[in-house]
Amino acid sequence: MISTLKIINNADLSLGKRVRAGDLIMDTLLLVFIALGFISIVIEDLTHINKAKTTLFFGSLVWLLYFVAHDPDIEEARHALDENLLEIASLWLFLVSAMTFVAYLNNRGLISKLVMRLLPERLGKRRLLLITAIFAFIFSSLADNVTSTLVCMSLLLPLKLPKADFLRFAAVIVFGVNSGGVALITGDVTTLMIFMAGKVSILNLLILALPAFIGLMSLALILGYNLKGEVEVQRVESTIPRMDILAGVQFLLTIISILVLNVLYGVPPVLTFLVSLGLLFIIMQFLNHDEDIMRNIREIEFDALLFFLGVLLMVGMLKQLGTLDHLIKLYDVLPVQLANYSLGMFSALVDNVPLTAAVLHSGVEMQIGEWITLVYAVGVGGSLLIIGSAAGIIAMSKAGHELLSFVSYARFAGHLLLAYSIGFLATWFIGNFI
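Values in this document were obtained by computation on a predicted structure and should not be read as measured data. Numbers given for residues are sequential positions, taken from 1 along each chain in its written order. Totals for whole chains, interfaces and linings use all residues, but because this is a predicted model, local features are given only for residues with pLDDT of at least 70 and pairs of side-chain atoms are given and counted only at 80 or more. Only hydrogens and water are removed before side-chain values are computed, so all heavy atoms of the structure are retained for them.

(A) Region of interest: the overall build of the chain. What the chain contains, in helices and strands, is 21 helices and 2 strands. Two things to know: the radius of gyration comes from C-alpha atoms, and the globule rule equals 2.2 Å times the number of residues to the power 0.38. The C-alpha radius of gyration of the chain comes to 24 Å, within 12% of the 22 Å expected for a compact globule of 434 residues. With respect to the three principal axes, the spread of C-alpha positions in the chain is 100 × 55 × 45 Å. Per-residue burial over the chain gives 52% buried out of 434 residues. Throughout, a residue-residue contact means that at least one pair of heavy atoms, one from each residue, lies within 4.5 Å. Put simply, 81% of the contacts in the chain that link residues at least 6 apart link residues at least 24 apart. For the area figures, the Shrake-Rupley method with a 1.4 Å probe applies, and any residue is considered shielded solely by the protein chains shown. Approximately 20,500 Å² of the chain is accessible, and the part contributed by carbon and sulfur atoms is 67%. Numbering goes from the N terminus for both helices and strands, where a helix is a DSSP run of H or I of at least four residues and a strand is a run of E of at least two. Accessibility here uses a 1.4 Å probe with only protein chains present; expressed as a share of the type maximum, an area under 20% marks a residue as buried, one over 50% as exposed, and anything in between as partly exposed.

Written out as structure tokens, the structure reads:
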């Protein structure tokens, strides 16, 4: 009897070892696929394969393999996937609503028409640089970074500035777009992610606008110090239809409503945006029967949305495998604020969306003031390199490599790092009072 029990126990032990070995192999395979997904983001320019396609493929593949071959607790795995998809769905709906609104206003040319009306026919380059910085900051807090950069570059290129001056303006636009985006959830997806995770509130983010603006103004003053001469603005008189003005006013009222209703009643911002978007569809149907308002949905950046989907699926799997627990070690080695500052610089090399998602899913504990510095760091740190943010990539593609390249932008790396550091220190200071 004893011998029989020993044989059974030995068999169970051997089976357990094989199961653990099999799980280890599968875990390793999943991590390899996730690594390939993240590598595909970095080498997109070399492979010419859209990162939205590769991240979506690897992100969904690892979850499929986890169900089929990993032999998990099915209910636990399904719950984890549902939780991951719910997070993605909330993010998607908000971004779709915001992008549709902005796509409509941009297609109608409302923003550019208003700006051209407000600008004088001649003005100094230094003054124009400050105006450009302020406009990029304000507009990017309301619209996504891609649209904000496109609008800013479309206003800048017709001025035919000398290359040396153009580079200064481009650096201010990229830094300004990223800086403005951190202050409102409508401006930057990483800010939205941290807000939706419950780490910061609307009021916390509004406070962040001041240090972010200080960092931007420091860069504009530094780069504008040696700027001389004037530019002539080619003004084209054009009428602005009343329905476009109405849509613009509704968009601003929507942003205000999102802030007020969330602060007073805890209404999820996505719900307010969906109500306003539905109202826009109805109003435009009555005002202009010939315009297909729904076509603006087809013109939003679905590449970006699919990229977010793929990245968040991969990060969700990293969380499921317990890999993100190692990220906490960075905060064990470095003080929290220094770790946040370093992550911001790292986001110039690694896309800030997976970096932010990794921090959120790792379970790192921080005070509100420390989360605020992280919002600033991952939102603005990508400005240090032209490839570090969507704003930089869009600016480079819009201007062309002859005007704006990795190397030409890098000549301002010291100025950008100084401005980033000033903004971070100002955020750190203000965060101590939250």
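Okay, back to it.
(B) Inspection of the layout of surface pockets at higher detail. Method remark: on a 1 Å grid restricted to protein atoms, a set of points is classed as a cavity if a 1.4 Å probe fits but cannot get out and as a pocket if it is open with protein on both sides within 12 Å along at least five of seven lines; lining residues have an atom within 4 Å of a point. Grid points are joined across faces, edges and corners, and a volume is the space filled by probe spheres set on the points. Estimated volume of the largest pocket: approximately 1,000 Å³. For the lining of the largest pocket, the secondary structure elements donating two or more residues are α1 (2-42), α2 (44-47), α3 (51-68), α4 (74-107), α7 (145-156), α14 (302-321), α17 (352-362) and α19 (390-399). A total of 5 residues in the lining of the largest pocket trace back to one element, the largest contributor, which is α4. Residue composition of the lining of the largest pocket, grouped by class: 22 nonpolar, 10 polar and 8 charged. Along its surface, the second largest pocket is lined by 25 residues, and Ile111, Leu114, Val115, Phe135 and Phe139 are the ones closest to its centre. When residues of the lining of the second largest pocket are assigned to their parent elements, the largest contribution, 7 residues, is made by helix α6 (residues 125-142). Under the grouping applied here, Gly and all other residues not named as nonpolar or charged are polar, the nonpolar ones being Ala, Val, Leu, Ile, Met, Phe, Trp, Tyr, Cys and Pro and the charged ones Asp, Glu, Lys and Arg. Partitioning the lining of the second largest pocket into residue classes produces 23 nonpolar, 2 polar and no charged.

(C) Broad picture of helix α16 (residues 336-346). The complete set of buried residues in α16 reads Gln337, Ala339, Asn340, Tyr341, Leu343 and Gly344. Where the residues of α16 are buried, they touch α15 (328-333), α17, α18 (368-380) and α21 (413-431).

(D) Molecular detail of the packing of aromatic side chains. The criterion for an aromatic pair is that two Phe, Tyr or Trp rings (for Trp, the six-membered ring) have centres within 6.5 Å, with stacked assigned to planes under 30 degrees apart, edge-to-face to planes over 60 apart and tilted to the rest. Inspection of every chain in the model, using the stated rule, returns 14 aromatic pairs. Look at Phe101 and Phe273: their rings are 6.0 Å apart centre to centre, the planes differ by 50 degrees, and that puts the pair in the tilted class. In this pair, Phe101 sits in helix α4 while Phe273 sits in helix α12 (residues 269-287), placing the two residues 172 residues apart along the sequence. The burial state of Phe101 is the same as that of Phe273; both residues are buried. On the basis of an interplanar angle of 10 degrees and a centroid distance of 5.6 Å, the ring pair of Phe135 and Phe139 is categorised as stacked. Placement of the pair is Phe135 and Phe139 together in helix α6, with a separation of 4 residues, close to one helical turn. Comparing Phe135 with Phe139 shows no difference in burial state: the two are buried. Members of the aromatic cluster, joined through ring pairs, are Tyr341, Tyr376, Tyr420, Phe424 and Trp428. The criterion is that NZ of a Lys, or CZ of an Arg, lies within 6 Å of the ring centre and within 35 degrees of the ring normal, and then a charge sits over that ring. Sitting over the face of the ring of Phe307, Lys51 holds its NZ or CZ atom 4.5 Å from the ring centroid.

(E) Representation of the environment of Leu306 in the model. Mapped onto the secondary structure, Leu306 falls in helix α14. Judged by relative accessible area, which is 28%, Leu306 ranks as partly exposed. When the C-alpha positions of Leu306 and Leu56 are compared, they lie 6.4 Å apart, and in sequence the two are 250 residues distant. Residues within four places of Leu306 in sequence aside, it is in contact with Ala52, Thr55, Leu56 and Trp92.

None of this, on its own, says anything about what the molecule does.
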